[in-house]
Structures are given as structure tokens and as C-alpha cells.
Amino acid sequence: MKAPMLKKIAAGVVLSVSMVGSSFAAECIAPANPGGGWDFTCRTIGKIMYDIKAVDKPIQVSNMAGAGGGLAYNHVVAERGDDADVIIAASSATATRLAQNAYAGMTADQVRFVGAIGADPGVIVVAKDSIYKNLGELMGAIKANPKSVTFAGGSAVGGFDHLKPLMLLQRTGYTDIKNIKYIALDGGADAITQTVGGFTQAMTGDMSEIVGFLKAGEIRALAVLTEERIPGFEDIPTAKEQGYDVVAVNWRGMYIPKDVSDDTFNMWADRLQKVADSKEWKEAMVANGLAPFTKVGADFQGYVDQVVGEVRELSKSLGVIQ
């Protein structure tokens, strides 16, 4: 999509929000369609902020899908660089795309990363009637015939969702990763729909994206990419216990525009910390399979910069980028 079109679409979103802005404390932009991980972050954290009175009015959620989060990132950097009343859902996928220059030259220091308050474990899932009963069967099928399995994910090609199965295959000694078929979609809900519908054989994503489908019995989770099984979802084995030493979690957090004041940054950091400390957030983490992960405030930008560097090197070693 060309830059003028990005700005045209973004401007339309701003107009729709400005007409109702007085009714809301702030706007949270979810850079994906409803139902995915970024949408979950905005809606859940925003609701809890209001419920615990960290803000005095509800927070408006706007979905701005496109370019794997790049549309929202471009919009914030180019159009709302000093807007104190906007927060944007972010995750490990955001850092991955910045590391891989997927946002057309934009860098992590063009916004302020205010914090993360939960880690969304990576998962590999298949449809409920899939022939693959465990991770070993799926990996074996791919090694035998790479074209037999197509993964769907909510990140761009080379993004964090894409990297997960590649890391698993790397542990088996498989190196020809360019043969692995992957379809990039705008959010985890779209990726699961493709898999449930039989258009792809597996979905690579995050725990929060699959909970509703899991409870409805529409999918089978082959593995969770954590050190230990997730409380409340103990029936899902880890990749590690199946012989694949991969841990991949997707932190859930927020960034804000770069040119806001330090007072505004600290205000949002304080609000985010209050959510992290609340019983409502702890209940939401259990209900959605999130693991504790709290990094809030001034040191979080440094953490993101470190992650960007690490992912860039990993992507090079996997051959995803040069």
C-alpha cells in the first residue's frame, strides 16, 4: 500500500474517533482486526483501567489493521507524534517487525514503549479433526514433504508468528526454511479461521488468540511454547517436553507517541502498573492463558531495543533477512 493511501485511511480513523472523543478518556489503537491479540490487549487493559478507576472515562478502542501493524505505527509517528491521549497495543511481534525493517525504515526509537504486563505464550494448533495428533507428527510431515503443510499466522512474513515453526524445525536439524509455506493474515482470529476451515493445516500464534476456539472445541493445541504448562490449560503439552527446546512468548504491552511529555509517559506507566497489580488483570491472565511478565516505565524502551537486536540476529541466522 502506498504512503498517501496509508495517510488517507489513518485520517479517516482519526475523524471517526474525534467525533466521540469527549465521551472517552483516551483512544487505544489495536493494529489488527477484532479478535486478535492486539485487540485483546486494547479491550482488556482499557476496560480494566476504567473498572479500577485508573481513568475516569472509558477508553475508546479503534482497530487499524494493515501492514502487520505498520499502518498504525506510521499513523502514530506521522500524524499523532505529540498526542497524549492515544495508546497503541504492542507485542513481541512489534519488536520483530522493527528488527526486520518491516515498517519501511521506521525504528523502535520513534515511539515510547511504556510497558508490558503479561506474556502471551506461543502455540501451534490444528483443526479438531486434523490428522496430526502431536507436534512430532506435524514436524515429521513437514520434514518428509515441506509442501504438505501450510501455516497461517497473524504476523507478516518473517514476523514472530512465522519464526515460531521455523525455530521448532531448526531444532530437528531442518535448514531449508524457505520451503516452509506460511500465509500472513491480519490477526490471529483470521489465521485460526483459515485453519478451522481447512485452508491451512496449522496455525502459529498466541494463547489469547485461541482460547475461545479451544473452549468451543474447534481446534486442537499441539504445543505451547513455554518452559512449563500454562495454569488452567494443563492438558496442552509444552514443545520442550515433546523434545523441541523452544520457548517463544509474546509480551503484551503498549507504546505511546514519542513527543509526549515525561509526565504523560509516567502517567501511562502508572496506569499500566495499576492494571498489572489488579485482581482483575490477574483473573484475565488466567482466563486467557497469559503468564506474568511485568516491565513498566523508563527501562522498557531499553528492553525493547535489546529484543530488536536479538531478533535481528536470529532472523539473519534463520535466513529470514540478509
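- The name that an unreviewed UniProt entry assigns to the protein is C4-dicarboxylate ABC transporter substrate-binding protein, with the source organism given as Leucothrix pacifica.
- Under the Sequence similarities (unreviewed entry) heading, UniProt states for the protein: "Belongs to the UPF0065 (bug) family."

1. Observations concerning the overall build of the protein
And then number 1: Within the protein, the regular secondary structure consists of 11 helices and 10 strands.
And then number 2: At 19 Å, the protein has a C-alpha radius of gyration in line with the 20 Å of a compact globule built from 322 residues.
And then number 3: In the protein, which comprises 322 residues, the proportion classed as buried is 56%.
And then number 4: With an accessible surface of roughly 13300 Å², the protein has 52% of that area assigned to carbon and sulfur atoms.
And then number 5: Each charge sign in the protein was given a centre, from 31 positive and 36 negative side chains, and these centres are 4 Å apart.

2. Describing the packing of helix 2 (residues 37-51) against helix 9 (residues 262-277)
And then number 1: The geometry of helix 2 relative to helix 9 is characterised by a closest axis approach of 9 Å and an angle of 90° between their N-to-C directions. Classed by the angle they form, the pair helix 2 and helix 9 counts as roughly perpendicular. Where helix 2 approaches helix 9, its residues Ile45, Ile48 and Met49 are matched on the opposing element by Trp268, Arg271, Leu272 and Val275.
And then number 2: A class-by-class count of the residues in the contact of helix 2 with helix 9 yields six nonpolar, no polar and one charged.

3. Some details on the state of the cysteines
And then number 1: Taken as a whole and judged by the stated rule, the model has one disulfide.
And then number 2: Two residues share a disulfide in this structure: cysteine 28 and cysteine 42, whose sulfurs sit 2.1 Å from each other. Taking the torsion about the S-S bond as the criterion, the cysteine 28 to cysteine 42 disulfide, at about -80°, is left-handed. Of this pair, cysteine 28 sits in strand 1 (residues 26-30) while cysteine 42 sits in helix 2; the two residues are 14 residues apart in sequence, bridging distant segments of the chain.

4. Thoughts on unusual backbone geometry
And then number 1: For alanine 67, which is not glycine, the phi dihedral falls at a positive 60°.
And then number 2: Mapped onto the secondary structure, alanine 67 falls in the loop between strand 2 (59-63) and helix 3 (70-79).
And then number 3: In the Ramachandran plot, alanine 104 falls in the positive-phi region, its phi being about 55° despite a non-glycine side chain.
And then number 4: Structurally, alanine 104 is set in the loop between helix 4 (92-99) and strand 4 (111-127).

5. So, helix 4
And then number 1: For helix 4, the buried fraction is high: eight of the eight residues fall into the buried class.
And then number 2: Turning to helix 4, its buried residues are Ser92, Ala93, Thr94, Ala95, Thr96, Arg97, Leu98 and Ala99.

The rules behind these values
- Residues numbered from 1 in each chain as written.
- Predicted model: local features only at pLDDT ≥ 70, side-chain atom pairs only at ≥ 80, totals over all residues.
- Heavy atoms only, no water.
- UniProt positions renumbered as here; feature names shortened; annotations may be inferred.
- Helix = DSSP H or I, 4+ residues; strand = E, 2+ residues; numbered from the N terminus.
- Rg over C-alpha atoms; globule rule 2.2 N^0.38 Å.
- Buried < 20%, exposed > 50% of the residue type's maximum accessible area, 1.4 Å probe, protein only.
- Areas by Shrake-Rupley, 256 points an atom, 1.4 Å probe, with all protein chains shown as cover.
- Lys, Arg positive; Asp, Glu negative; His and termini not counted.
- Charge placed at Lys NZ, Arg CZ, Asp CG, Glu CD.
- Axes fitted to C-alpha atoms, helices over the stretch in contact; angles between N-to-C directions.
- Parallel < 35°, antiparallel > 145°, perpendicular 65-115°, else oblique.
- Contact = heavy atoms within 4.5 Å.
- Nonpolar A, V, L, I, M, F, W, Y, C, P; charged D, E, K, R; others polar.
- Disulfide = S-S within 2.5 Å.

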